[in-house]
Amino acid sequence: MAGELNRRSVLRGAVALGGAVAGGPILWQRPGDTAMRPSGIHLTYGADPRREMVVSWSTAESVATPRLLLGDTQGGLSEVVDAESKPAPGVDAVQHHARLSNLDPGKTYFYRAAHDGGSSDELTFTTVGNERRPVRFTAFGDQGTYQNRMAPVVNTVASFDPDLHLHVGDLSYASDTGGIRAFEALWADDERRYNPSAWDAWLAGLQPFASRVPWMPVLGNHEMEVDGTELGYASYFARFVPPDNGAGGPRGATWSLRIGNVAFIAPDSNDASAELPRNRDYLGGAQESWLEATLADYRSRPDVDWIVVGFHHCPYCSSSRHSSDGGVRDRWTPLFDRYQVDLVINGHNHLYERTHPIRQGNPTTEAPIGATIDPGQAGTTYIVSGLSEEDERLPDIATAPVAGVTHYTGTDFGLRVPEVVTWSAVKDELSPIVICAEASPPDSGGTTTLTIRSVDAGDRRVVDELTLLRSHMPSARHSRDGKEPS
Ligand SMILES: [Fe+2]
Ligand SMILES: [Fe+2]
């Protein structure tokens, strides 16, 4: 009912996320500090984006009674949801998370992040609804706080008004080590190489949009930091609470969710990379089991048309910097073939590249800019959207010729196997390019499309366009009442 949020509809109280909990000593250093405003406010969907949302933020130091004020009318924030607070490696800033469940589908909520003596502006988010409608999402990886990768890409994402942004790893670049052990020992105390405060600067830059629409994170190699933990993920998990429905390991290291007829799956490619072995096999094979079970489930469901898998390392990329990663290619692409994954989105190589549709390692047909293909027949399209090298210290060496580049396989940088590239369709290395995709619900004939436009964040030019099309008997896969199956 307008103006009155059902108090039973919102999970109250702190949620056990690990780390320090509300009431712990870090909360009571400077009670009543009125100058400390919540910063870096960002949203993360739970496993059910219709009903679950996590609101996260940071304060410069510890605060008393961090909480979320929530309501379903502007100015009517009648609910109070306790937040859990967590420290993060190497910074004074404290991270806060308010986890909401039992929200109403398709409803706009208003909220403030607050504590004793301070609060954010009033902000809004809208849960995913039950009605059939187009699903929009954006994606890229490899962002950091570089100027050409902040306001232009955030504004490009915002202009598309997506339901979800998928960030495929290498998030803040707080750590230069990139998961290379030899660099960890050399750079642990070098602020130019390891600057944990970059995380909060990065999230502050995202806030204008990430406080309205979830930016769903994926672990990249630069999330493996020098934090004294086995996996190096402490900074990441201090700041993100992804869905807890993955392959094990830390909560949310892998996750999946569905919005409308699109399923999103986010594995952790640090577990599978042949190039960078730091965290290889930490999930002990559980990731492949989870990935296969998740793919099989989504592909069998009548309410899912499109399967999008996002992870960091590239099965297919013709850049000569990181090239293709034989680990993710050999371990995961057979599963993508078996379950007809429609689209794989990666980062890691700092450029844009799209393949022709691929089955069993080979392109099945040509898919130039503007093509329409049926992935059920033609295979999986792989896109690298690693933004660009502009403003970086390192020179770009991504301009190697497409044919005859190398691809990693075997172990630890060790073996670069020459490969004649036959699968590269479109390549652009000059600009940060954002993937903007829209999936249509099935029409009365059972046809649905996933339209992918890749947009230059600088001038909003569409540099690549591809339409995926699936067609099936509506009676076999979809009810006709216009509602989502629950
Ligand atoms: Fe990167
Ligand atoms: Fe990377």
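Everything below is about the structure printed above this text.
Note that this is a predicted model, so its numbers are computed, not measured.

Rules and cut-offs
Residues numbered from 1 in each chain as written. Chains lettered and ligands numbered in written order. Predicted model: local features only at pLDDT ≥ 70, side-chain atom pairs only at ≥ 80, totals over all residues. Heavy atoms only, no water. Helix = DSSP H or I, 4+ residues; strand = E, 2+ residues; numbered from the N terminus. Buried < 20%, exposed > 50% of the residue type's maximum accessible area, 1.4 Å probe, protein only. Contact = heavy atoms within 4.5 Å. Areas by Shrake-Rupley, 256 points an atom, 1.4 Å probe, with all protein chains shown as cover. Phe/Tyr/Trp six-rings, centres within 6.5 Å; stacked < 30°, edge-to-face > 60°. Donors = N, O, S within 2.8 Å, 3.2 Å for Na, K, Ca; no water. Tetrahedral: all angles 85-135°; square planar, octahedral: opposite > 155°, others 65-115°. Pairing = 2+ DSSP bridges. Axes fitted to C-alpha atoms, helices over the stretch in contact; angles between N-to-C directions. Salt bridge = Lys/Arg side-chain N within 4 Å of Asp/Glu carboxyl O. Core = buried A, V, L, I, M, F, W, Y, C linked by side-chain atoms within 4.5 Å. Domains from an automatic or database assignment.

## Quick look at the overall build of the protein chain
Along the backbone of the protein chain there are eight helices and 28 strands. Per-residue burial over the protein chain gives 60% buried out of 486 residues. If you take every contact in the protein chain between residues at least 6 apart in sequence, the share linking residues at least 24 apart comes to 73%. Just so you have it, the protein chain exposes about 17400 Å², and 51% of that area is on carbon and sulfur atoms.

## Focus on the packing of aromatic side chains
Evaluated as defined, the whole model comprises 17 aromatic pairs. Through successive ring pairs, a cluster of aromatic residues spans W199, W202, Y233, Y236, F237, F240 and Y282.

## Describing the coordination of the iron ion (ligand 2)
Those protein atoms acting as donors to the iron ion (ligand 2) are D170 (OD), N221 (OD1), H312 (NE2) and H348 (ND1), and they sit at 2.0 to 2.2 Å. Coordination at the iron ion (ligand 2) comes from four donor atoms whose angles at the metal span 87 to 164 degrees, giving a geometry best classed as irregular. In the primary structure, the donors to the iron ion (ligand 2) are separated according to the pattern D-x50-N-x90-H-x35-H.

## Things to note about the sheet that holds strand β1 (residues 39-45)
To summarise the sheet geometry, strands pair through backbone hydrogen bonds and adopt either a parallel or an antiparallel arrangement. With respect to topology, four strands assemble into an open sheet ordered β1-β2-β6-β5, the strand pairing being antiparallel. One side of each edge strand has no neighbouring strand; the edge strands of this open sheet are β1 and β5 (84-87). Averaged over all pairs of adjacent strands, the angle between strand axes in this sheet comes to 25 degrees, irrespective of strand direction. Of the pairings in the sheet, the one linking β1 to strand β2 (residues 53-59) comprises five bridges and is antiparallel in character. In the sheet register, S39 faces β2, and the bridge partner there is S58. Packing of helix α3 (residues 198-210) onto the sheet brings it into contact with β1, β2 and β6 (94-100), and relative to β1 it is tilted by some 65 degrees.

## A closer look at the pattern of salt bridges
Within the structure shown, the criterion is met by 29 salt bridges. In this structure, the salt-bridge partner of D176 is R193, at a minimum N-O distance of 3.3 Å. A residue pair is termed long-range when its members are at least 10 positions apart, and D176 in the loop between β11 (164-167) and α2 (181-187) and R193 in the loop between α2 and α3 qualify at 17 residues. When salt bridges that share partners are traced, they join R258, D297, R301 and D303 into one network.

## Quick word on the environment of F160
Mapped onto the elements of the fold, F160 is located in helix α1 (residues 151-160). Residues F160 and A437, 277 residues apart in the sequence, show an inter-C-alpha distance of 9.0 Å. Setting aside residues no more than four positions away along its own chain, F160 makes contact with R136, F137, T138, C436, A437 and E438.

## Concerning the nonpolar core
With 52 residues, the main nonpolar core has F125 and F137 as its most contacted residues. The element best represented in this core is strand β26 (residues 433-439), accounting for four residues. Looking at this core, you find at least three residues from each of domain 1 (7-126) and domain 2 (135-477). Counting 30 residues, the second-largest nonpolar core is a separate cluster that includes F140, F160, Y233 and V455.

## Brief notes about the sheet that holds strand β28 (residues 462-471)
Taken in spatial order, the seven strands of this open sheet run β12-β11-β10-β26-β27-β28-β21, and their pairing is mixed. This sheet does not close on itself; its edge strands, each paired only once, are β12 (215-217) and β21 (371-373). Across this sheet, the average inter-strand angle for adjacent strands is 20 degrees, counted without regard to direction. As judged from the nine bridges shared by strand β27 (residues 447-456) and β28, these two strands associate in the antiparallel manner. Its bridge partner being in β28, S454 is matched across the sheet by D464.

## Concerning the coordination of the iron ion (ligand 1)
Here the iron ion (ligand 1) is held by D142 (OD), D170 (OD), Y173 (OH) and H350 (NE2), and the distances to it run 2.0 to 2.2 Å. The site at the iron ion (ligand 1) holds four donor atoms, and with the angles between them running 88 to 176 degrees, its shape is irregular. A distance of 3.3 Å spans the gap from the iron ion (ligand 1) to the iron ion (ligand 2), which D170 bridges by coordinating each metal. Each member of the pair, D170 as well as Y173, is classed as buried.

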